[in-house]
Amino acid sequence: MSKTKVSDLDWNNLGFQYHDLPYRWTDEFKDGKWQGGHLTQDSNMVFNEAAEELHYGQEVFEGLKAYRRKDGGINLFRPDQNAKRMYDSAKRLMMQPYPEDKFVEAIKEVVKANQEFVPPYGSGGTLYIRPFMIGTQPLVGVQRSESYVFRIYATPVGAYVKGLNPMPYKVSEYDRAAYAGTGQAKTAGNYAGSLLPSLKAKKEGFADCLFLDPREHKYIDEFSGANFYGITKDGQFQTPKSPSILPSITKRSLLQIAADQGLNPIETQIPIAEVDRFVEVGAMGTAAVISPVSSLTYEGKTITFGDEVGPVTQKLYDTLFNIQVGDAEDIYGWTVQI
Ligand code: PLP
Ligand code: COI
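Parameters and conventions
- Residues numbered from 1 in each chain as written.
- Chains lettered and ligands numbered in written order.
- Predicted model: local features only at pLDDT ≥ 70, side-chain atom pairs only at ≥ 80, totals over all residues.
- UniProt positions renumbered as here; feature names shortened; annotations may be inferred.
- Pairing = 2+ DSSP bridges.
- Helix = DSSP H or I, 4+ residues; strand = E, 2+ residues; numbered from the N terminus.
- Domains from an automatic or database assignment.
- Contact = placed C-beta atoms within 7 Å.

An unreviewed UniProt entry lists the chain under the name Branched-chain-amino-acid aminotransferase, with Lactobacillus pasteurii DSM 23907 = CRBIP 24.76 as the source organism. You can read under Sequence similarities (unreviewed entry) in the UniProt record for the chain the words "Belongs to the class-IV pyridoxal-phosphate-dependent aminotransferase family." UniProt lists a comment for the chain under the heading Cofactor (unreviewed entry), and it reads "pyridoxal 5'-phosphate".

We now examine the pairing of strand β16 (residues 289–298). It is a general feature of regular strands that their side chains alternate between the two faces of the sheet. Pairing of strand β9 (residues 167–171) with β16 involves four bridges; the strand directions are parallel. Residue pairing in the sheet places Pro168 in a bridge with Ser295 of β16. Bridge count for strand β15 (residues 278–285) against β16 is five bridges, and the pairing is antiparallel. Residue Val281 lies in a different strand from β16, and its bridge partner there is Val293.

This next bit is on the domain arrangement of the chain. Many analyses report the size of an interface as the accessible area lost when the parts associate. We note that the domain assignment places domain 1 (6–157) and domain 2 (167–325) within the chain. If you average the C-alpha positions of domain 1 and of domain 2, the two centres end up 25 Å apart. Each partner contributes residues to the interface: domain 1 has 21 residues there, and domain 2 has 13 residues. Mapped onto the side of domain 1 that touches domain 2, the elements with two or more residues apiece are β4 (59–61), β5 (64–68), β6 (74–77) and α2 (79–92).

Encoded structure:
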């Protein structure tokens, strides 16, 4: 694959795809320690055919963005939270966690080294950063790897779901993760398992699918790549409490913003049968930002929330995005300038 040049990019129409940028970070855990890490220009990785991750799936990853500010500077949004979540994911998968402070420093190195690829302010684009780690030991028996590679690549992206355009979603008959399984970890298998349900929903004309809790199929869990929220008729922000969903950093941030906007937010079990309690519904995540939902189809019945973005969703989006790009004062101390 050839390296992407800045002149190849149309900042206003980036899409959500991989570009081979000049630099990425790589570090290796061997002989019982992380080797220290460095930037490299080589976008290919070489490992043994019996590497643990290829067969038994020891893999964890993260996703965060770098935002171009109006003054030309660059913001990261809560990278310490990604470091912590990746630490927790690694523990769940019995992997060697990457030191959290080193994780944040390595992200800064990658962004600085590729800074001309951070899309311009106002283009709607961002630099998506993908830290990940894999178990590399050649193993035939199912056991944890004693060697790992930690890597961070970055790629300029546009919106994962375009604009604040409400889209129809379907409630899936499949599960994303088991009740006491790996749903709280950001690990490859959860996403591989969501491909078929997601493709089926898309073939039926939906933007994607929403998963229910895997134990009772009664409560809302989350989307394949984003958490769920709804705004009730009397203006409360509600989001599912479940052991099988990924703890979203966007959600945690919106819970704080919603509290400060008087939306009395709660994390609670939300029965799918009562989804008509909401007047606005959306997906929230790093890639999704806030993606409003126009309708939910469940067991042949469709509940509609409207084709126009709701006022509460619009305000939450504006508040969050303005903090991320540095247009609003960051009263929470969430942004890190590079
Ligand atoms: N849920 C899943 C399954 C995800 O993949 C993501 C994306 O990272 C999220 C939720 C949102 O998490 P965050 O807001 O930390 O990006
Ligand atoms: C993210 O939002 O960073 C994710 O990892 C979700 C993925 C579906 C792109």
